[in-house]
Amino acid sequence: MIDIILVLNAGSSSIKFRVFEVGAGMKLAMRGQVDGLYTKASFRVVDPQGEVTRTELQPPDGGELGHEGAIAHIGDFLRGHGEGYSVVAVGHRVVHGGQHFTSAVLATPAVVDELDKLSPLAPLHQPHNLAPIRIIHRRRPELPQVACFDTAFHRNQPEVAQAYALPASITDLGVRRYGFHGLSYEYIASVLADYSPVAAAGRTVVAHLGNGASMCAMVGGRSVASTMGFTAVDGLPMGTRCGNLDPGVILYLIDALGMDTRGVADLIYRQSGLLGVSGVSSDMRELLHSDDANARAAVDLFVYRIARELGSLVAAMGGIDALVFTAGIGENASAVRKRVASLVGWCGLDLDDVANEAGGPCISKPGSRVGGWVIPTDEESMIARQTMALMG
Ligand code: ADP
């Protein structure tokens, strides 16, 4: 048997997993995914030989697999694989750690109950992140599980960066800016010096542009400001989330259009962003290939908002030394990077078009005052590291 750390990233309809071998310096051994938990379930794994295995999963009663069935399937698969994997700890991505969880924590049943109270703040993610922890508690109560948070990296931001201008009685309830994508930012901070000592020690904005999108201002590798706030719907427009919105719009939707809170939540989380503006797709690849005027408008707005937010983050840091692009769009969409760079040239970023087309990692010209970088993120490695650190 080979000792492993299992990393789980569970959503509403899928569970992604990664296997890290403990004895081999936390080597990634395989990654996989169960999709269609509540529709037609399938299992896909890319094993160490790079071989892709794909199977349809049929629950015995012909119903839905659900989170429970998916966890059982992953467990059976790992035990039966090759020499057999023995899980020594499970690290979970948990989107919200609230005010009190400022670093990864052993996810005891009491801790999970505490974290569940934050579910209303991240309804798309938190309940699904917690479901596998509870399932594993039932199946293997002795197995250590660790919750790793997307909010923790931002918890040491200056108080002023976390505050809303609301009465203290509301702020005291925990209504403050939390910021998300912290596992991604922490990973980038941990590897930044390998790319650029100046960026690692100085003032750097990291743009995590995926289906979810946000930006973080870091000074010396520590978060000082971010575009996301109380929930992960704030800041940049995203695949289906609207991003920054005048709170008056919400009042208008309710009072003048008669929408209920469920309808508003569906609108701002699932029907807006790139999808809402384009009416075509939430997928940047499709929008970049489309001739549709609304698809172009969606990309225009996305790029414009990134440039506006960059100005705000530069102000929070009192200047900028480097801009890093990461995640699906940031790592792959050279056209988006080029358009952002053309809007933020004022800050001193001189883009090298050839390097940008080639995907970097350095995408700024040698004499550029601000360094431009493309750095692949790896949230799962961060979870594995945090889990290992907590297990000693
Ligand atoms: P998630 O937030 O779900 O992890 P990802 O980081 O995988 O999302 O990013 C998904 C986004 O990245 C999608 O909008 C997708 O279209 C975009 N993307 C991925 N590859 C490319 C590419 N080659 N060109 C443009 N966009 C891309």
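Looking up the protein chain in an unreviewed UniProt entry gives the name Acetate kinase, with the organism given as Dyella solisilvae. Word for word, the UniProt comment on the protein chain under Sequence similarities (unreviewed entry) is "Belongs to the acetokinase family." Under Pathway (unreviewed entry), UniProt gives the following word-for-word description of the protein chain: "Metabolic intermediate biosynthesis; acetyl-CoA biosynthesis; acetyl-CoA from acetate: step 1/2."

1. What about the UniProt feature "active site" (unreviewed entry) in the protein chain?
According to UniProt, the positions carrying the feature "active site" (unreviewed entry) are Asp150. Relative to the assigned elements, aspartate 150 resides in the loop between β8 (145-149) and α4 (159-162). Residue classification places aspartate 150 among the buried residues on the basis of a relative accessible area of 0%. Setting aside chain neighbours within four positions, we find aspartate 150 in contact with Arg93, Val94, Val95, Gly179, Phe180, His181, Gly182 and Leu183.

2. A word on the site of the ligand
Asn211, Asp283, Met284, Arg285 and Gly328 are the nearest of the 13 residues found near the ligand. A distance of 3.0 Å is found between an oxygen atom of the ligand and a backbone nitrogen or oxygen belonging to methionine 284. Between an oxygen atom of the ligand and a main-chain N or O atom of arginine 285, the distance comes to 3.1 Å. Burial of the ligand by the surrounding chains reaches 70%, relative to a free accessible area of 580 Å². Mapped onto the shell around the ligand, the elements with two or more residues apiece are α11 (284-289) and α13 (327-332). Broken down by element, the residue count for the shell around the ligand peaks at 4 residues, all from α13.

3. Quick look at the UniProt feature "binding site: substrate" (unreviewed entry) in the protein chain
Under the local residue numbering, the UniProt record ascribes the feature "binding site: substrate" (unreviewed entry) to Arg93. Relative to the helices and strands, arginine 93 resides in strand β6 (residues 85-94). Aside from chain neighbours lying at most four places away, what touches arginine 93 is Leu8, Asn9, Asn129, Cys148, Asp150, His181, Leu183, Glu379 and Ile383.

4. Focus on the environment of alanine 72
Looking at the element boundaries, alanine 72 is found in helix α1 (residues 66-80). Look at alanine 72 and you get buried, because its relative accessible area is 16%.

5. Quick look at the sheet that holds strand β3 (residues 27-35)
One open sheet holds the 8 strands; their spatial order is β5-β4-β3-β2-β1-β6-β8-β7, and the pairing between them is mixed. Of all the strands in the sheet, the pair left with one neighbour each is β5 (52-56) and β7 (105-106). Across 5 bridges, the pairing between strand β4 (residues 42-46) and β5 is antiparallel. Opposite valine 45, over in β5, you have threonine 53 as the bridge partner.

6. Describing unusual backbone geometry
The linkage connecting glycine 360 with the following residue, proline 361, adopts the cis geometry, with an omega of 15°. In this fold, proline 361 is placed in the loop between α15 (353-358) and β13 (371-374). With a phi close to 60°, histidine 181 is a non-glycine residue in the positive phi region. With respect to the helices and strands, the residue histidine 181 is situated in the loop between α5 (168-171) and α6 (182-195).

7. Comments concerning the pairing of β8
A large share of β8 lies buried, amounting to 5 of its 5 residues. Side chains Gln145, Ala147 and Phe149 of β8 all project onto a buried face; the interleaved residues Val146 and Cys148 project onto the opposite face, where all are buried too. With 5 bridges connecting them, β6 and β8 associate as parallel partners. Paired with histidine 92 across the two strands is alanine 147, which belongs to β8. Relative to β8, β7 runs antiparallel, the two sharing 2 bridges. Paired with valine 105 across the bridge in β8 is alanine 147.

So, how was this worked out
Residues numbered from 1 in each chain as written. Predicted model: local features only at pLDDT ≥ 70, side-chain atom pairs only at ≥ 80, totals over all residues. Heavy atoms only, no water. UniProt positions renumbered as here; feature names shortened; annotations may be inferred. Helix = DSSP H or I, 4+ residues; strand = E, 2+ residues; numbered from the N terminus. Buried < 20%, exposed > 50% of the residue type's maximum accessible area, 1.4 Å probe, protein only. Contact = heavy atoms within 4.5 Å. Near = heavy atom within 4 Å. Polar contact = N/O pair within 3.5 Å; in protein donor to acceptor, adjacent residues only side chain to side chain. Areas by Shrake-Rupley, 256 points an atom, 1.4 Å probe, with all protein chains shown as cover. Pairing = 2+ DSSP bridges.

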